[in-house]
Amino acid sequence: QAHFVESGRQSVQPGGSLRLSCATSGSIFGLGYMGWYRQAPGKQREFVAIIATRGTGRRYGDPVKGRFSITRDSAENTVYLEMNNLKVEDTAVYYCVAHRGDPTGPDVYWGQGAQVTISS
């Protein structure tokens, strides 16, 4: 009973681009916020991007600012993450998340994750 349909494993060379997607139900999309965290081996989970599903707010983690862009398709209850100028250090498992605005609060849903590998 997965709450999300996420894009699968993807690989690209440094400098390339990839797109992630995360589709969910209307009720989960309607919580208010969706986005991604990522986790590399031996590293702490790191914030990547978030978008308000009922407003205009978007926010990015410092390592991806200027390179990544998060968008939504409300008719499809789907969010997208366009990743450009990818670097080796972007390699991680990317986890889709949905919540009400506080990722530590109630009704936080996590996807199973998708491996993104940037290598030459």
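Cut-offs used in this document
- Per chain, the residues get numbers from 1 upward, laid out in the order the sequence is written.
- Restriction of local features to residues with pLDDT of at least 70 applies here, the model being predicted, together with a cutoff of 80 or more for giving and counting side-chain atom pairs; totals for whole chains, interfaces and linings are based on all residues.
- To obtain the side-chain values, all non-hydrogen atoms of the structure were used and water was disregarded.
- Criterion used throughout: strands pair if DSSP finds at least two bridges between them.
- Counting from the N terminus, the helices are the DSSP runs of H or I reaching at least four residues and the strands are the DSSP runs of E reaching at least two.
- In this text, buried Ala, Val, Leu, Ile, Met, Phe, Trp, Tyr and Cys residues form a nonpolar core when linked through side-chain atoms within 4.5 Å.
- Buried residues are those whose accessible area, probed at 1.4 Å on protein chains only, stays under 20% of the maximum for their type, while exposed residues exceed 50% and partly exposed ones sit between those limits.
- What makes two residues a contact is simply this: any of their non-hydrogen atoms within 4.5 Å.
- For this text, the term disulfide refers to a pair of cysteine sulfurs within 2.5 Å.
- By definition, a salt bridge exists where a carboxyl oxygen of Asp or Glu is found within 4 Å of a side-chain nitrogen of Lys or Arg.

Enquirer: I would appreciate a short explanation of the sheet that holds strand β8 (residues 78–83) in the present structure.
Expert: Hydrogen bonding along the main chain pairs the strands of a sheet, whether they run parallel or antiparallel. Strand order in this open sheet of four strands is β1-β3-β8-β7, and the pairing throughout is antiparallel. The two strands at the open ends of the sheet, each matched to only one other strand, are β1 (5–6) and β7 (68–73).

Enquirer: Please clarify how the nonpolar core should be interpreted in this entry.
Expert: Counting residues in each nonpolar core, the largest one holds 27 residues, and the members touching the most others are M34, W36, V48, F68, L81, M83 and Y94. Elements with a minimum of two residues in this core: β3 (18–23), α1 (26–29), β4 (33–39), β5 (46–52), β7, β8, β9 (92–99) and β11 (114–118). Considering each element in turn, this core owes the most residues, four residues, to β9. In this view, Y94 contacts E6, L20, W36, Y37, R38, V48, F68, M83, G113, A114 and V116; residues no more than four positions away in its chain are not counted.

Enquirer: Whenever I open this one, the state of the cysteines confuses me. Can you help?
Expert: Should the sulfur atoms of two cysteines be covalently bonded, the bond is a disulfide. The full count for this structure, using the stated rule, is one disulfide. The disulfide that involves C22 links it to C96, with 2.0 Å between the sulfurs. Between C22 and C96, the disulfide has an S-S torsion of -90 degrees and is therefore left-handed. Placement of C22 in strand β3 and of C96 in strand β9 is noted, with a sequence separation of 74 residues between them. Taken as a pair, C22 and C96 share a single burial class, namely buried.

Enquirer: Is there a simple way to think about the pattern of salt bridges in this case?
Expert: Opposite charge on two side chains permits them to pair, given that their charged atoms come into close proximity. By the definition in use, this model includes five salt bridges. E46 is the salt-bridge partner of R38, the closest N and O atoms lying 2.7 Å from each other. With a relative accessible area of 5%, R38 lands in the buried category. Overall, E46 belongs to the partly exposed group, its relative accessible area being 30%.

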